[in-house]
Amino acid sequence: MEARVAGVPEDEESGLLPRPSAAGRRPSSRAPRFPPPPAAWATVDGPLGLPLEEAERHARRFFLWGFACLPFLWAINCCYFWPVLRSPAASTPAAFAPIRPYVMRSAIGFTIFSVVLITWATTFIVGGERLFGPAWNDLVMYNVADKIGLSGFMG
């Protein structure tokens, strides 16, 4: 028989913890308790993000618009759908299956674009006039104003 605490209603007396059993142990449930699986969110903003159907549509749009000379949309696609990109293909939740190809292709496209851009910039920065010779004067942009006569009015 359990002793009641004076002045405390019966429903508050039990509190949040289960009452110990007669043997002094907590009652155990028959089924083993496993933590619930973590929620799978396709976007970096988690539950505030897009539903999976809209996420697939956005990923596809970012990927396709990246070909329209907007390759930074591929970078945005990779950043926004980072949970899809960072999960290995073998352990990817089935919900990510329609989104993953667009995000992976965006990552590949942005990587190729970045390599080409850095190579182009490095060629002009490091090579300069020594690499291009007399054609350098036609390639550089700082003398365009002189060529079309806009720098004469400055003084």
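Because the structure is predicted, anything quoted here is derived from the model rather than measured. (Residues numbered from 1 in each chain as written. Predicted model: local features only at pLDDT ≥ 70, side-chain atom pairs only at ≥ 80, totals over all residues. Heavy atoms only, no water.)

1. As for the overall build of the protein chain
Inference 1: Helix and strand content of the protein chain: seven helices and zero strands.
Inference 2: Counting every position in the protein chain, which comprises 155 residues, the buried fraction comes to 21%.
Inference 3: Across the protein chain, contacts joining residues at least 24 apart in sequence account for 44% of those joining residues at least 6 apart.
Inference 4: When the accessible area of the protein chain is evaluated, it comes to approximately 12,000 Å², of which 67% is carbon and sulfur surface. (Helix = DSSP H or I, 4+ residues; strand = E, 2+ residues; numbered from the N terminus. Buried < 20%, exposed > 50% of the residue type's maximum accessible area, 1.4 Å probe, protein only. Contact = heavy atoms within 4.5 Å. Areas by Shrake-Rupley, 256 points an atom, 1.4 Å probe, with all protein chains shown as cover.)

2. Comments concerning the confidence of the model for the protein chain
Inference 1: Per-residue confidence for the protein chain averages 77 on the pLDDT scale, and 68% of its residues sit at or above 70.
Inference 2: The secondary structure element of the protein chain with the lowest average pLDDT is helix α1 (residues 10–14), at 51, and the one with the highest is helix α3 (residues 72–80), at 93. (pLDDT = per-residue confidence, 0-100.)

3. Side note on the packing of helix α2 (residues 52–66) against helix α5 (residues 100–132)
Inference 1: Here α2 crosses α5 at 25°, and the two axes come no closer than 9 Å. What the angle tells us is that α2 and α5 run roughly parallel. Seen along the crossing, α2 lies across α5 with a hand that is left-handed. Residue-level contacts link E56, A59, R60 and F63 of α2 to Y102, V103, R105 and S106 of α5.
Inference 2: When grouped by side-chain class, the residues that make up the contact of α2 with α5 number four nonpolar, one polar and three charged. (Axes fitted to C-alpha atoms, helices over the stretch in contact; angles between N-to-C directions. Parallel < 35°, antiparallel > 145°, perpendicular 65-115°, else oblique. Left-handed = near helix turned anticlockwise from the far one by under 90°. Nonpolar A, V, L, I, M, F, W, Y, C, P; charged D, E, K, R; others polar.)

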